[in-house]
Amino acid sequence: MDNNANHSEDVKDAKPDTTTEHISIKVASSDNSEIMFKIKRSTKLAKLMQAYCSRTGKSSGTVRFLVDGERITGESTPESLGLEDGDTIDAMTEQVGGGQH
Amino acid sequence: MADGARPEWLGPPSAGTSTAAYDSTPAPSQATADDGRADTRSILSVDSSLGFRDTVPLWQSGRVLSPSGSDATTGLVAGAWRRGPAAASGAGKAAGGSGAAEAWLAQLRKKIEDALSVSYPAAVVATSAYDRLRQREESFDERLEKARQQTAFALPANAAEVLKRAAAAGFVVELNNVPVTAHDMATLQDGKWLNDEVINFYMQLIMDRSAKTPALPRVHAFNTFFYSTLCESGYARVRRWTRRTKLFEKDLVIVPVHLGVHWCCAVIDLRQKSIVYYDALLGDDPGCLQTLMGYIRDESRDKCGADIDESEWTLRCDKRIPRQQNGYDCGVFAVMFAEYASRDAPFQFSQENCPFLRRRVTYEIATVSLTPAIA
């Protein structure tokens, strides 16, 4: 949190304690649409995932969340993943395939 | 042995050991030559009737009839689908279970050749020859089924029970955060289209086994979103996907390719500097090869600060591979291309194996380990 203190104060000069707690996370879907979320560093990402699904109307079973190509679970937090303000989470859509005939 | 007894209408074997070439595994090469010599006349008659040159004796016309499974030029399957020198050298070392199957296939091939090449003595009544052929065909079917299992690595005896228990528990497994649920496992039922979770989990299994087994090539397998992201958004968006992997320290990089409704698989071999594209429907995709070549170029620049010499690289779409013959099994082919390639093994499976391979993949995911045991 220390290393982000300056940055946070630049954005919002008041309420230093709570603002450093929150970061903005961009969720980018495979069709390149993006939604920004504000989330506490210590909040489980399951909350963000649910919010994203209800916002986009996607069923949670069909969306895969990745950070740098690696799957993340709802149990992880921005803190545990080392996510910084402005980082991106990819929201990929289920893929199926059988052949072309 | 009983079903391999030499029929009298084949003529007497020229040496006491010749029946060994029929059934024992593996037969000494001496026995093959003897056996071949005994059948020369009949083989040649078939060859000449087909308009082939008839001066080459059977035992010199090609080594395909040799029952020795370790021979790199031998084997119906291995020979037909061999993928290059690395595959040839790796096959003997890595595909431990395939030696017996290759030997058997060589024998099978010999049997078929024998059956086709017999010149029936006038004394043999057509009906009795027919009966014998029927018998032969039945034992052939039995052994073919056995070989399929062998080729595809049979599941343990308790597999059905294990799967039943896993299904009752809802099939929830996870490896490196990649989860699989009952919904995903249902895509492994016959006739269903495989989904990304199943394929991504299988890629984790392949990497996991490679990391634990020093004898195997060092493999990195991307997930199914890598290629689509690379295509749509370019290198920048996947640049960080290998931040925890030193890609150029690997031997093989496996890239599952999702094309809307179709699964393919590309394999980048960093040892041989090749990129090979495997489409079970035998499609061409030079664009995919170029995209991956571009990725290797950018990745090398970004991670190693070095330009690669692209003229050293060969790119190809391999067509001598098992072929999909329906509209739903491409995912099974794609994961099998990846699994076999990850062992440098020749592709010893076919469309007919797919129902079994679906069970095998289900079992492997449920038990979180791949079945081919590598010493």
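Residues numbered from 1 in each chain as written. Chains lettered and ligands numbered in written order. Predicted model: local features only at pLDDT ≥ 70, side-chain atom pairs only at ≥ 80, totals over all residues. Heavy atoms only, no water.

Counting secondary structure elements, chain B contains 15 helices and 8 strands. Evaluated residue by residue, chain B yields a buried proportion of 51% over its 375 residues. Look at the contacts in chain B between residues 6 or more apart in sequence, and 66% of them connect residues 24 or more apart. Surface exposure of chain B reaches about 16700 Å², of which carbon and sulfur atoms provide 54%. (Helix = DSSP H or I, 4+ residues; strand = E, 2+ residues; numbered from the N terminus. Buried < 20%, exposed > 50% of the residue type's maximum accessible area, 1.4 Å probe, protein only. Contact = heavy atoms within 4.5 Å. Areas by Shrake-Rupley, 256 points an atom, 1.4 Å probe, with all protein chains shown as cover.)

Roughly 700 Å³ of internal volume is contained in the largest pocket. Around the largest pocket, the lining comprises 31 residues; the ones closest to its centre are E70 of chain A together with Q204, M207, H220 and T245 of chain B. Looking at the lining of the largest pocket, the elements with two or more residues in it are β4 (70–71) of chain A together with α10 (196–212) and β4 (219–221) of chain B. Per-element accounting of the lining of the largest pocket gives the leading share, 7 residues, to α10 of chain B. Of the residues in the lining of the largest pocket, the class split is 13 nonpolar, 10 polar and 8 charged. (1 Å grid on protein atoms, 1.4 Å probe; cavity = no way out; pocket = protein on both sides within 12 Å on 5 of 7 lines; lining within 4 Å. Points joined across faces, edges and corners; volume = space filled by probe spheres on them. Nonpolar A, V, L, I, M, F, W, Y, C, P; charged D, E, K, R; others polar.)

Moving on, we come to the nonpolar core. All names here are of chain B. Ranked by size, the top nonpolar core spans 53 residues in total, and within it Y202, I254, F337 and I365 carry the most contacts. The contact partners of I365, leaving out residues within four places of it in the chain, are V173, V180, M185, L188, V198, F201, Y202 and L205. One finds Y227, V238, L247 and I268 within the second-largest nonpolar core, a separate group that totals 28 residues. (Core = buried A, V, L, I, M, F, W, Y, C linked by side-chain atoms within 4.5 Å.)

Quick look at the packing of helix α11 (residues 224–233) of chain B against helix α13 (residues 286–304) of chain B now. Residues and elements named next belong to chain B. Axis separation between α11 and α13 bottoms out at 11 Å; the angle between their running directions is 85 degrees. Classed by the angle they form, the pair α11 and α13 counts as roughly perpendicular. Of α13, the residues touching α11 (which contributes F226, Y227, L230 and C231) are C288, T291, L292 and Y295. Of the residues in the contact of α11 with α13, the class split is 7 nonpolar, 1 polar and no charged. (Axes fitted to C-alpha atoms, helices over the stretch in contact; angles between N-to-C directions. Parallel < 35°, antiparallel > 145°, perpendicular 65-115°, else oblique.)

Moving on, we get to helix α14 (residues 330–341) of chain B. Residue pairs spaced three or four apart in an α-helix point in one direction, given the helix's 3.6 residues per turn. Residue and element names in this part refer to chain B. For α14, spanning 12 residues, the distance from its first C-alpha to its last is 16 Å, which sits close to the expected 16 Å at 1.5 Å a residue. A large share of α14 lies buried, amounting to 12 of its 12 residues. All buried positions along α14 are accounted for by C330, G331, V332, F333, A334, V335, M336, F337, A338, E339, Y340 and A341. (Expected span 1.5 Å × (residues − 1).)

Attention shifts here to the pattern of salt bridges. Residue and element names in this part refer to chain B. Inspection of the entire model under this criterion finds 30 salt bridges over all chains. With a closest N to O distance of 3.6 Å, R239 and D302 form a salt bridge. Taken together, the residues R239 in the loop between α12 (235–238) and β5 (252–258) and D302 in helix α13 connect sequence positions 63 residues apart. Looking at R239, the relative accessible area reads 36%, which means it is partly exposed. Overall, the relative accessible area of 35% leaves D302 in the partly exposed class. (Salt bridge = Lys/Arg side-chain N within 4 Å of Asp/Glu carboxyl O.)

Moving on, we get to the sheet that holds β4 of chain B. All names here are of chain B. Overall, mixed pairing links the 5 strands, which are arranged β4-β5-β6-β7-β8 in an open sheet. Where the open sheet ends on each side, the last strands, each with one partner, are β4 and β8 (314–318). The average angle at which neighbouring strand axes cross in this sheet is 20 degrees, direction not considered. The pairing of strand β7 (residues 274–278) with β8 spans 5 bridges and is classified as parallel. Paired with S274 across the strands is T314, a residue of β8. (Pairing = 2+ DSSP bridges.)

With that out of the way, let us pick up the side chain of T224 of chain B. Inspection of the secondary structure puts T224 of chain B in helix α11. Side chain to side chain, T224 of chain B and Q95 of chain A meet in a polar contact 2.6 Å long. With near-sequence residues (within four places) excluded, T224 of chain B lies in contact with Q95 of chain A together with D196, I199, N200, P256 and W263 of chain B. (Polar contact = N/O pair within 3.5 Å; in protein donor to acceptor, adjacent residues only side chain to side chain.)

Now for the environment of H22 of chain A. All names here are of chain A. Take H22: it is sitting in strand β1 (residues 22–29). Given the relative accessible area of 33%, H22 is considered partly exposed. Separated by 15 residues in the primary sequence, H22 and F37 have C-alpha atoms spaced 9.8 Å apart. In contact with H22, not counting residues within four places along its chain, are I39 and K40.

For the rest of this paragraph, the subject is a negative patch on the surface. Residues and elements named next belong to chain B. Among the surface-exposed residues, E137, E138, D141 and E142 lie close enough to one another that they form a single negatively charged patch. Here D141 is to be found in helix α7 (residues 126–151). Residue class for D141 comes out partly exposed when judged on its relative accessible area of 39%. (Patch = residues over 30% accessible without salt bridge, like charges linked within 9 Å, V, L, I, M, F, W, Y side chains within 5 Å. Lys, Arg positive; Asp, Glu negative; His and termini not counted. Charge placed at Lys NZ, Arg CZ, Asp CG, Glu CD.)

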